[in-house]
Amino acid sequence: MQLRGDVVILPDRDVERTAVLAGLGRQDVLVVFDYRRYEPDKVVITELAREGGSNIVLFTDAWLSPVTNLADVVLPSRVAAPSPYDSMVPTLATVETVLAGVLGQLGEEGRVHLEHSENVARRAGIQPADKRPDAP
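Residues numbered from 1 in each chain as written. Predicted model: local features only at pLDDT ≥ 70, side-chain atom pairs only at ≥ 80, totals over all residues. Heavy atoms only, no water.

Student: Can you tell me about the overall build of the protein chain, naming the residues and giving the values?
Tutor: Within the protein chain one finds four helices and three strands. Structurally, the protein chain occupies a C-alpha span of about 45 × 40 × 30 Å along its principal axes. Within the protein chain, counting contacts between residues at least 6 apart in sequence, those at least 24 apart form 50% of the total. For the protein chain, the exposed surface amounts to about 9900 Å²; the carbon and sulfur share of it is 58%. (Helix = DSSP H or I, 4+ residues; strand = E, 2+ residues; numbered from the N terminus. Contact = heavy atoms within 4.5 Å. Areas by Shrake-Rupley, 256 points an atom, 1.4 Å probe, with all protein chains shown as cover.)

As structure tokens, then:
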């Protein structure tokens, strides 16, 4: 959303979710995050997007979500950690790498869109002015 327009997060509310899923088509990319204890609705959501002609990008763990068979791009991450909980740090690194690639592809247009979004957030009081010493 911050890098380009026409990006939405799948809504939680049923009516809005249905509208978004029904409107997915060939120009759309569905990004799915599905990790162990895989959620059955992710398969159905992905099937609906695929039927509409959308491309699917899946972020998952090394055991591979059931969505893997429907995805155009599968980005697995190791989640093993020394604690009883899976680590999402490798996933975050993968997401940041993908975002850097997207920003590189968007070029100046992406930078301008991001700058405009940040300015709107500041003016609307959503984001305070940046106090970092290296901020412009």
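Student: Give me the lowdown on the layout of surface pockets, citing residues and values where you can.
Tutor: Roughly 1300 Å³ of volume is contained in the largest pocket. Looking at the largest pocket, it is lined by 31 residues, and the ones nearest its centre are Val7, Val8, Val29, Leu30 and Val31. Those elements that place two or more of their residues in the lining of the largest pocket are helix H1 (14-23), strand E1 (29-34), helix H2 (40-51), strand E2 (55-61) and helix H3 (89-106). A breakdown of the residues in the lining of the largest pocket according to their chemical character gives 22 nonpolar, three polar and six charged. (1 Å grid on protein atoms, 1.4 Å probe; cavity = no way out; pocket = protein on both sides within 12 Å on 5 of 7 lines; lining within 4 Å. Points joined across faces, edges and corners; volume = space filled by probe spheres on them. Nonpolar A, V, L, I, M, F, W, Y, C, P; charged D, E, K, R; others polar.)

Student: Now, about the sheet that holds E2: what can you tell me, with residues and values included?
Tutor: Where strands meet in a sheet, backbone hydrogen bonds hold them as pairs that are either parallel or antiparallel. Spatial strand order, E1-E2-E3: three strands in an open sheet with parallel pairing. The open sheet terminates on both sides in strands that have one partner only, identified here as E1 and strand E3 (73-77). When the angles between neighbouring strand axes are averaged without regard to direction, this sheet yields 15 degrees. Of the pairings in the sheet, the one linking E1 to E2 comprises six bridges and is parallel in character. If you follow Val29 over to E2, its bridge partner there is Asn55. Here H2 sits on the sheet and contacts E1 and E2; the angle it forms with E1, its principal contact strand, is near 165 degrees. (Pairing = 2+ DSSP bridges. Axes fitted to C-alpha atoms, helices over the stretch in contact; angles between N-to-C directions.)

Student: Residue-level account of the pattern of salt bridges, with values.
Tutor: As enumerated under the stated definition, the model contains seven salt bridges in all. With a closest N to O distance of 3.0 Å, Arg36 and Asp86 form a salt bridge. Of this pair, Arg36 sits in the loop between E1 and H2 while Asp86 sits in the loop between E3 and H3; the two residues are 50 residues apart in sequence, bridging distant segments of the chain. Here the residues in one salt-bridge network are Glu108, Arg111 and Glu115, joined through shared partners. (Salt bridge = Lys/Arg side-chain N within 4 Å of Asp/Glu carboxyl O.)

Student: Break down unusual backbone geometry for me, with residues and values.
Tutor: Its identity is not glycine, yet Asp6 carries a phi of approximately 60 degrees, on the positive side. Even without a glycine there, the phi angle at Arg37 is positive, about 70 degrees. Within the secondary structure, Arg37 is located in the loop between E1 and H2. Judged by relative accessible area, Arg37 falls into the exposed class, the value being 75%. (Buried < 20%, exposed > 50% of the residue type's maximum accessible area, 1.4 Å probe, protein only.)

Student: Give a description of the environment of Thr60 that names residues and reports values.
Tutor: With respect to the helices and strands, the residue Thr60 is situated in strand E2. Classification of Thr60 as buried rests on a relative accessible area of 0%. A sequence separation of 22 residues divides Thr60 from Tyr38, and the C-alpha atoms of the two residues are 9.4 Å apart. When near neighbours in sequence (up to four residues on either side) are disregarded, Thr60 contacts Asp34, Tyr35, Tyr38, Ser65, Val74, Leu75, Pro76 and Ser77.

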